[in-house]
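Results of the structural survey
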Amino acid sequence: KPFTQKFYGITYEVVDFSTPRIHEIRGFQDFPILCPTLAEPYVTTQQYLEFAALSEGQIVLDLGAYSGLTAIGFSKVVGRSGKVIALEPDPVNFQAACINVSRHEQINDLYNIALINHAASGSSKTIQFSSEGTMGSADIAIVGRGRGEVIEVCCETLAEIVDVNGLTKVDFVKMDIEGAEEEVLLGAEAFLRQFRPKVMVEPHVVLGVFSTDAVVRILQSYGYKVEIVRQFGVDLPLIQAEFALT
């Protein structure tokens, strides 16, 4: 929530994102959200929802949950008979997500989000992870050292997420995983060909190169129709993909 501050006779509204704080999110009216640092723009969640066209009873994988706001948006649409499996590897982000999801459960009487403190990957392994408590927390193989506390994080493939949670279908996969998207997709061919979910990916810069082309190429090779669209609220594109029926 902004506070006012005067500089040289001009009044400004200032928002402090330096530490975890509760913020009122424009477009999300249910309750204020605890954000580890930057507040998530709910307009991006609305963009996911518009493309996914979710309905009661569907299953969503939310990879890179951050504060849990997007998972909450999915939860409200898929309802009591649906489920959201949300992965967030950063422990600071995960703690905030747990608090927000608990508030959502109390206020909206929905208990359909499973929060998991793991990272998505193309193989089952443990990685060294830069825990910053930000949207940019990531594998140090991608972002390097010196940005946050280096911790070990367990990884799950998309097939393992299905097995562990006993899922018989997956309808939508949202992927905002700070540069690990290419690796995850390379290890997910069998999963994607079997379940044929809609997929929406936020690409990132890895070793100086945007992952956009690689992500598009991989999804197309699995039989997906792919479109790159402008992301509202963030200066990054989104890749939306739907299985092309033949």
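Here is a short report on the structure shown in this document.

Cut-offs applied
Residues numbered from 1 in each chain as written. Predicted model: local features only at pLDDT ≥ 70, side-chain atom pairs only at ≥ 80, totals over all residues. Heavy atoms only, no water. Helix = DSSP H or I, 4+ residues; strand = E, 2+ residues; numbered from the N terminus. Buried < 20%, exposed > 50% of the residue type's maximum accessible area, 1.4 Å probe, protein only. Contact = heavy atoms within 4.5 Å. Core = buried A, V, L, I, M, F, W, Y, C linked by side-chain atoms within 4.5 Å. Polar contact = N/O pair within 3.5 Å; in protein donor to acceptor, adjacent residues only side chain to side chain. Pairing = 2+ DSSP bridges. Phe/Tyr/Trp six-rings, centres within 6.5 Å; stacked < 30°, edge-to-face > 60°. Axes fitted to C-alpha atoms, helices over the stretch in contact; angles between N-to-C directions. Parallel < 35°, antiparallel > 145°, perpendicular 65-115°, else oblique. Left-handed = near helix turned anticlockwise from the far one by under 90°.

To continue, consider the side chain of Thr157. Tracing the backbone shows Thr157 in the loop between strand E11 (149-156) and helix H5 (158-164). The exposure class assigned to Thr157 is buried, which follows from its relative accessible area of 10%. In this structure, Thr157 is in contact with Ser121, Gly122, Ser123 and Ser124, ignoring residues within four places of it in sequence.

Here we come to the nonpolar core. In terms of nonpolar packing, the biggest core is built from 34 residues, with Leu61, Leu63, Phe191 and Leu192 touching the most fellow members. Examining the composition of this core, we find that 4 residues originate from one element, helix H8 (residues 212-221), more than from any other. If near-sequence neighbours (up to four positions away) are discounted, Leu63 is found in contact with Leu87, Ala120, Leu158, Ile161, Val173, Lys174, Met175, Asp176 and Ile177. Counting 26 residues, the second-largest nonpolar core is a separate cluster that includes Leu49, Phe51, Phe74 and Val78.

Attention now moves to the environment of Glu160. Residue position: Glu160 is located in helix H5. Counting along the chain gives 40 residues from Glu160 to Ala120, while the straight-line C-alpha distance between them is 9.7 Å. Those residues in contact with Glu160 that sit more than four places away from it in its chain are Ser124 and Cys155. A distance of 2.9 Å separates a polar side-chain atom of Glu160 from the backbone nitrogen of Thr157.

Of the residues making up H8, those classed as buried are Thr212, Ala214, Val215, Val216, Ile218 and Leu219. Elements that come into contact with the buried residues of H8 comprise helix H6 (181-186), helix H7 (189-195), strand E13 (198-201), strand E15 (209-210), strand E16 (224-230) and strand E17 (237-243). Positive phi appears at Gly223, one or two residues downstream of H8, with a value of about 100 degrees.

Turning our eyes to something else, we now look at the pairing of strand E12 (residues 172-175). Every second residue of E12 is oriented toward a common face, with Phe172 and Lys174 on one face and Val173 and Met175 on the other, all of them buried. With 4 bridges connecting them, strand E5 (residues 59-63) and E12 associate as parallel partners. By the bridge assignment, Leu61 is partnered in E12 with Val173. As judged from the 4 bridges shared by E12 and E13, these two strands associate in the parallel manner. Among the inter-strand pairings, Phe172 is bridged to a residue of E13, identified as Lys198.

Turning our attention to the packing of aromatic side chains. One pass over the full model with this rule turns up 7 aromatic pairs. Ring centres of Tyr48 and Phe74 lie 6.4 Å apart, and the angle between their planes is 55 degrees; this geometry places the pair in the tilted category. Note that Tyr48 is positioned in helix H1 (residues 42-52) and Phe74 in helix H2 (residues 69-78), a separation of 26 residues in sequence. By the burial criterion, Tyr48 is buried, and Phe74 matches it. Ring geometry for Phe191 versus Phe195: centroids 5.3 Å apart, planes at 50 degrees, classification tilted. Remark: Phe195 and Phe191 occur in helix H7; sequence separation between them is 4 residues, near one turn of the helix. The same class applies to Phe191 and to Phe195, which are both buried.

A positive phi angle is found at Tyr66, which is not glycine, with a value near 50 degrees. Mapped onto the secondary structure, Tyr66 falls in the loop between E5 and H2. Even without glycine at this site, Arg196 takes up a positive phi of about 50 degrees. On the secondary structure map, Arg196 appears in the loop between H7 and E13.

Residue position: Leu110 is located in the loop between helix H3 (91-108) and strand E7 (113-116). Taking the relative accessible area as the measure of exposure, Leu110 reaches 9% and is therefore buried. Placed 34 residues apart in sequence, Leu110 and Lys76 show a C-alpha to C-alpha distance of 7.5 Å. Setting aside its immediate chain neighbours within four residues, Leu110 contacts Ser75, Lys76, Gly79, Arg80, His104 and Glu105.

All right, on to the packing of H1 against H2 then. Viewed as axis vectors pointing N to C, H1 and H2 meet at an angle of 40 degrees, and their least axial separation amounts to 9 Å. Judged by the inter-axis angle, H1 sits oblique to H2. Between H1 and H2 lies a crossing whose hand is right-handed. For the pair formed by H1 and H2, the contact residues are Tyr42, Thr45, Tyr48 and Leu49 on the first element and Leu69, Thr70, Gly73, Phe74 and Val77 on the second.

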